[in-house]
Amino acid sequence: MTDSGTFSRDQPVGLGGTSPWADPPVAAPAGVARSGHDVLLATKLHVPRPQPGFVLRPRLVQALGDGLARGRVLVCAPAGFGKTALLADWAGGGGRPVAWLGLDDGDSDPARFWRYAVAALDRARPGLAGRVGPLPSRSSGALVTALINELAADPGPDELLLLLDDYHLIDSGPVHESVAFLLENLPPGLRVVVSGRADPPLPLARLRARGQLAELRAADLRFTPEEAAMLLGEAAGPGLPGTAVAALVARTEGWAAGLQLAGLSLRGHADAAGFAAAFSGSHRFVLDYLADEVLDGQTGPVRAFLLETSVLERLSGELCDAVTGRAGSQAMLQDIERAGLFLVPLYEVRAW
């Protein structure tokens with residue numbers, strides 16, 4: 001991407017210059033790394049450790065490993081489906097160098113995004129940042145081109161994995177353009193995994209049609225009865241009846257957060273079967289989670305639409321228009337689905 005915001009494949013690239021990651025005269029506080037005039041939070045670059053009660057899921061680890069053959073992997077599912085935990089377990093056990101970047105709202109700034117991304121890559125491939133060159137003197141597009149050229153010239157002995165977690169928090173056209181440029185011009189030896197709650201505005205359809213994209217969706221991440229039994233056993237303790245496990249799997253549709261919250265609520269509960277049969281989204285733990293993680297981040301019009309249509313078991317554009325008294329419901333439904341708000345299309349044409 002040039003300074004005007006457009007990408008050019010013929011853009012001249014210089015790989016020289018001093019490292020942008022050199023420490024300034026003022027010592028950095030413990031636990032952080034400095035880049036230019038900014039302080040980078042080191043924990044964003046660490047692969048998260050497994051939490052107590054984590055359940056190994058070999059079938060998904062295998063799927064992620066197989067997906068790397070396509071070069072690009074998208075892991076997309078609503079909140080609470082265990083995306084980060086799964087990716088951290090997989091990344092920590094693959095034996096390959098991993099550049100992990102846990103994203104947040106502030107990373108929508110292109111300069112900040114790529115400072116963190118290059119810092120993550122430099123941790124996995126020491127010296128890479130210095131060879132790519134200083135970010136402050138070039139646009140993010142020029143830096144990405146330099147990064148691609150450097151990795152193409154020296155792929156290294158081991159496959160390098162760049163993992164961008166919580167990508168749904170990025171709200172920046174220039175960042176999306178630069179990441180798309182990287183995905184479309186992926187150098188040998190680099191594999192990219194993007195994880196988030198909503199489909200990112202990247203060229204997914206084009207990559208999919210070329211066979212260059214592997215995907216794990218909510219349907220893949222849902223807990224099987226066997227996985228749910230292990231999760232509930234860790235959360236609620238051993239001895240949970242199989243009928244209660246089956247009921248909770250059915251009521252949560254394999255949603256990891258729902259199963260975890262149900263297990264915590266089951267501790268010491270005398271009637272596990274009765275609790276499982278009555279468990280629903282109205283449980284206080286589930287309500288708190290959905291309010292904090294899902295609803296609080298939505299706009300007023302989206303919250304109003306969700307409230308007004310919540311009486312419906314099946315939704316279509318025309319039906320929602322009739323219930324709300326407003327037009328445009330089909331577009332709203334499509335936006336809600338793309339945002340990962342637990343709305344599931346019943347048919348490929350997305351009519352219901």
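Above: the structure in question.
Only a predicted model underlies this, so the values are computations on that prediction, with no experimental measurement involved.

**Some words on the nonpolar core**
Then, number 1: With 44 residues, the main nonpolar core has Phe113, Trp114, Tyr167, Leu182 and Leu190 as its most contacted residues.
Then, number 2: Among the elements that take part in this core, helix H3 (residues 110-124) stands out by supplying 9 residues, more than any other.
Then, number 3: Counting 42 residues, the second largest nonpolar core, distinct from the first, contains Val55, Leu232, Trp255 and Ala257.

**Structural notes on the sheet that holds strand S7 (residues 214-216)**
By definition, the strands of a sheet pair up through backbone hydrogen bonds, in either a parallel or an antiparallel sense.
Then, number 1: Read from one edge to the other, the open sheet built from 5 strands follows the order S4-S5-S6-S3-S7, with strand pairing classed as parallel. Pairing within the sheet leaves two strands with one partner each, and these edge strands are strand S4 (98-102) and S7. Neighbour-to-neighbour, the strand axes of the sheet open up by a mean angle of 15°, direction not taken into account.
Then, number 2: Pairing geometry for S4 and strand S5 (residues 160-165), over 5 bridges, is parallel. For leucine 101, the partnering residue across the bridge sits in S5 and is leucine 164.

**Description of the packing of aromatic side chains**
How two aromatic rings sit relative to each other is given by the distance of their centres and the angle of their planes.
Then, number 1: In this structure the tally under the stated criterion is 5 aromatic pairs.
Then, number 2: Look at tryptophan 255 and tyrosine 289: their rings are 5.8 Å apart centre to centre, the planes differ by 65°, and that puts the pair in the edge-to-face class. Placement of the pair is tryptophan 255 in the loop between helix H10 (242-252) and helix H11 (256-266) and tyrosine 289 in helix H13 (residues 284-293), with a sequence separation of 34 residues.
Then, number 3: For tyrosine 289, a relative accessible area of 22% translates into the label partly exposed.
Then, number 4: Clustering of aromatic rings is evident, with ring pairs tying together Phe81, Trp255, Tyr289 and Phe342.
Then, number 5: We note arginine 57 situated over the ring of phenylalanine 223; from NZ or CZ to the ring centre the distance is 3.8 Å.
Then, number 6: If you follow arginine 314 out to its NZ or CZ, it ends over the ring of tryptophan 352, 5.1 Å from the centre.

**Digging into the environment of alanine 219**
Then, number 1: Position of alanine 219 relative to the elements: it lies in helix H8 (residues 218-221).
Then, number 2: Judged by relative accessible area, alanine 219 falls into the exposed class, the value being 63%.

**Description of the packing of H3 against helix H6 (residues 173-184)**
Then, number 1: Contact pair H3 / H6: the axes reach a minimum separation of 9 Å and the direction vectors enclose 40°. By the angle between their directions, the pair H3 and H6 is classed as oblique. Relative to H6, the crossing made by H3 is right-handed. Within the contact between the two elements, H3 uses Pro110, Phe113 and Trp114 and H6 uses Pro174, Val175, Ser178, Val179 and Leu182.
Then, number 2: Of the residues in the contact of H3 with H6, the class split is 7 nonpolar, 1 polar and no charged.

**With respect to unusual backbone geometry**
Then, number 1: Notably, glutamate 253 is not glycine yet its phi reads approximately 55°, a positive angle.
Then, number 2: With respect to the helices, strands and loops of the structure, glutamate 253 is situated in the loop between H10 and H11.
Then, number 3: Positive phi values are uncommon outside glycine, yet phenylalanine 342 reaches one of about 65°.

**Regarding the pattern of salt bridges**
Then, number 1: All chains considered together, the criterion is met by 18 salt bridges.
Then, number 2: Of the charged contacts, one joins glutamate 227 and arginine 59 as a salt bridge, the two residues approaching to 2.8 Å between their closest N and O atoms. In this pair, glutamate 227 is assigned in helix H9 (residues 225-236) and arginine 59 in helix H1 (residues 58-67), connecting sequence segments 168 residues apart.
Then, number 3: What makes glutamate 227 buried here is its relative accessible area of 6%.
Then, number 4: Residue arginine 59 is classed as partly exposed on the basis of its relative accessible area, which comes to 35%.
Then, number 5: Ionic pairing is found between glutamate 184 and arginine 206, a salt bridge with its closest N-O pair at 2.3 Å. With glutamate 184 in helix H6 and arginine 206 in helix H7 (residues 204-209), this residue pair connects regions lying 22 residues apart in the sequence.

**Concerning the environment of glycine 67**
Then, number 1: Relative to the assigned elements, glycine 67 resides in helix H1.
Then, number 2: For the pair glycine 67 and valine 193, spaced 126 residues apart in the sequence, the C-alpha separation amounts to 9.6 Å.
Then, number 3: The contacts of glycine 67, once residues within four sequence positions are left out, are Arg72, Val73 and Ala214.

Quick notes on the rules
Residues numbered from 1 in each chain as written. Predicted model: local features only at pLDDT ≥ 70, side-chain atom pairs only at ≥ 80, totals over all residues. Heavy atoms only, no water. Core = buried A, V, L, I, M, F, W, Y, C linked by side-chain atoms within 4.5 Å. Buried < 20%, exposed > 50% of the residue type's maximum accessible area, 1.4 Å probe, protein only. Helix = DSSP H or I, 4+ residues; strand = E, 2+ residues; numbered from the N terminus. Pairing = 2+ DSSP bridges. Axes fitted to C-alpha atoms, helices over the stretch in contact; angles between N-to-C directions. Phe/Tyr/Trp six-rings, centres within 6.5 Å; stacked < 30°, edge-to-face > 60°. Lys NZ or Arg CZ within 6 Å of the ring centre and 35° of its normal. Parallel < 35°, antiparallel > 145°, perpendicular 65-115°, else oblique. Left-handed = near helix turned anticlockwise from the far one by under 90°. Contact = heavy atoms within 4.5 Å. Nonpolar A, V, L, I, M, F, W, Y, C, P; charged D, E, K, R; others polar. Salt bridge = Lys/Arg side-chain N within 4 Å of Asp/Glu carboxyl O.

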